[in-house]
Amino acid sequence: YWWHAHLLDLIVDAAIHRPTDDMSYDPHLADVANRLLRGIRLRNLGRWTNNYYDDMAWLALALERFGDLVAARDRSAGRLAAMARVLRDQVASAESDDLGGGVLWHTARSFKNVPATAPAAILLARAGEFARARQHIDWIHERLLDPATGLVLDGIELERADHPPVTSIWTYNQGTVLGALAALASGPQSRPEDANRAAALVDVVARELCRPTDAGPVARTEGGADSGLFTGILLRYLAVVAVTAELPDRTRDLAAAMVRATAEAFWQGRRTVTSGRGRPCLVL
């Protein structure tokens, strides 16, 4: 489910970057996105929701971007907005005051983590609810910022009496917090702290989660399975940082350097294989 949410985001990116003569996006790719959404719903037994609040936040973010893209020319825009509202309401229902804030990860309601809280903050900031978005980011910085490295930890167990943090360091958690900070820094109620936090986190990511190369800092990858997508999420939001004018130039330049160098590393490591239908395919 959540991989397909990110695929929808990528299709929207591709549609924007391939406009036609009379449209600001590629309508063929908009059709691909609509077919993907039908597939997600069929695969999910006719529902848009599932048991994971982070998954639903990812799909809500992608749906809203797709809806904004086609709003002027596609009759499906109202349907997309309604789908996104369903998911937004589900994510909002996972907010609670337990442990001072944050968003629950699963309907079992036993774990709060950054993968749910930071995308929820991005959703809220995009909707203009900056105060609520900032509460989520403040909670992450108060409860889940590693004092040794400055990186964002993963989450907190609610069921254990001492509420120990899960200290895993994942690339995508840094990315989503950066996305939220960029949204806050560019909003009408921005604080200097938003830009300062973003600048500090970009510096730490470059130092702790990248290896230096002649082309620039290359972000680490996380292996296969679900975590195979984590670095891509970090890079998406580093790219957002790079084009957020309200952030310091040095921070934007460093974020852009990480995106470019990592993309170049993937491209240099590509290989060509033959698909099951005898077609050549690139593997990065």
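Here's what I pulled together on the structure shown here. (Residues numbered from 1 in each chain as written. Predicted model: local features only at pLDDT ≥ 70, side-chain atom pairs only at ≥ 80, totals over all residues. Heavy atoms only, no water.)

1. So, the nonpolar core
Step number 1: Among the nonpolar cores identified, the biggest contains 90 residues, and L8, L37, L59, L63, F66 and I140 are the most heavily contacted of them.
Step number 2: Considering every element that reaches this core, the biggest residue donor is helix 3 (residues 53-70), with 12 residues.
Step number 3: Excluding its chain neighbours within four sequence positions, the residues that come into contact with I140 are V114, T117, A118, L145, V152 and V177. (Core = buried A, V, L, I, M, F, W, Y, C linked by side-chain atoms within 4.5 Å. Buried < 20%, exposed > 50% of the residue type's maximum accessible area, 1.4 Å probe, protein only. Helix = DSSP H or I, 4+ residues; strand = E, 2+ residues; numbered from the N terminus. Contact = heavy atoms within 4.5 Å.)

2. A short note on the pattern of salt bridges
Step number 1: With the rule as written, the count across this model stands at 18 salt bridges.
Step number 2: A salt bridge links R134 to D194, with the nearest nitrogen and oxygen atoms 2.6 Å apart. Linking R134 in helix 6 (residues 130-143) with D194 in helix 8 (residues 192-208), this pair joins segments that are 60 residues apart in sequence. The two residues R134 and D194 agree in class, both being buried.
Step number 3: Its salt-bridge partner being D138, residue R191 comes within 3.2 Å of it at the nearest N-O pair. Taken together, the residues span a long stretch of sequence, with R191 in the loop between helix 7 (171-185) and helix 8 and D138 in helix 6 at a distance of 53 residues.
Step number 4: Classification of R191 as partly exposed rests on a relative accessible area of 27%.
Step number 5: Through salt bridges with shared partners, a single network forms among R134, D138, R191, E193, D194 and R197. (Salt bridge = Lys/Arg side-chain N within 4 Å of Asp/Glu carboxyl O.)

3. What to know about the sheet that holds strand 3 (residues 165-166)
Consider a sheet: its strands pair through backbone hydrogen bonds, and that pairing is either parallel or antiparallel.
Step number 1: Pairing is antiparallel in the open sheet, where 3 strands are placed in the order 1-2-3. The outermost strands of the open sheet, each flanked by one partner alone, are strand 1 (111-113) and strand 3.
Step number 2: In this sheet, strand 2 (residues 155-157) lies alongside strand 1 in antiparallel orientation, the contact comprising 3 bridges. If you follow F111 over to strand 2, its bridge partner there is E157. (Pairing = 2+ DSSP bridges.)

4. Digging into unusual backbone geometry
Step number 1: Of note, H163 is a non-glycine position whose phi angle comes to about 50 degrees, a positive value.
Step number 2: As for its placement among the helices and strands, H163 is situated in the loop between strand 2 and strand 3.
Step number 3: Relative accessible area serves as the criterion here: at 27%, H163 is assigned to the partly exposed category.
Step number 4: Backbone geometry at A225 places phi at a positive 55 degrees, although glycine is not the residue there.
Step number 5: Take A225: its relative accessible area is 68%, and that puts it in the exposed class.

5. Details of the packing of aromatic side chains
Step number 1: Per the counting criterion, the structure on display carries 9 aromatic pairs.
Step number 2: Look at W2 and Y172: their rings are 6.4 Å apart centre to centre, the planes differ by 45 degrees, and that puts the pair in the tilted class. Linking W2 in helix 1 (residues 2-17) with Y172 in helix 7, this pair joins segments that are 170 residues apart in sequence.
Step number 3: Owing to a relative accessible area of 8%, W2 belongs among the buried residues under this scheme.
Step number 4: When the ring of W58 is compared with that of Y172, the centres are 6.4 Å apart and the planes differ by 25 degrees; the resulting orientation is stacked. Here W58 is found in helix 3, whereas its partner Y172 is found in helix 7, with 114 residues between them in sequence. Summarising the burial analysis for this pair, W58 and Y172 share the class buried.
Step number 5: Aromatic ring contacts, followed pair by pair, group W2, W3, W58, W170, Y172 and F230 into a single cluster. (Phe/Tyr/Trp six-rings, centres within 6.5 Å; stacked < 30°, edge-to-face > 60°.)

6. A word on helix 2 (residues 27-43)
Step number 1: Spanning 17 residues, helix 2 covers 24 Å between terminal C-alpha atoms, matching the ideal 24 Å at 1.5 Å per step.
Step number 2: Buried positions along helix 2 lie against helix 1, helix 3 and helix 4 (77-93).
Step number 3: The N-capping residue of helix 2, defined by a side-chain oxygen 2.9 Å from the backbone nitrogen of H28, is D26.
Step number 4: Of the residues one or two after helix 2, L45 is the one with positive phi, at around 60 degrees. (Expected span 1.5 Å × (residues − 1). Polar contact = N/O pair within 3.5 Å; in protein donor to acceptor, adjacent residues only side chain to side chain.)

7. A short note on the side chain of S96
Step number 1: Its location among the elements puts S96 in the loop between helix 4 and strand 1.
Step number 2: Within polar-contact distance, the side chain of S96 engages the side chain of D98 at 3.1 Å.
Step number 3: A polar contact is formed between the side chain of S96 and the side chain of K112, at a distance of 2.7 Å.
Step number 4: Excluding residues within four positions of it along the chain, S96 makes contact with G101, G102 and K112.

8. Structural notes on the environment of A255
Step number 1: Within the fold, A255 resides in helix 10 (residues 249-268).
Step number 2: Looking at A255, the relative accessible area reads 0%, which means it is buried.
Step number 3: In sequence terms A255 and P19 are 236 residues apart; their C-alpha atoms lie 26 Å from each other.
Step number 4: If we ignore the near neighbours within four places in the chain, the residues touching A255 are V202, L238, V241 and A242.

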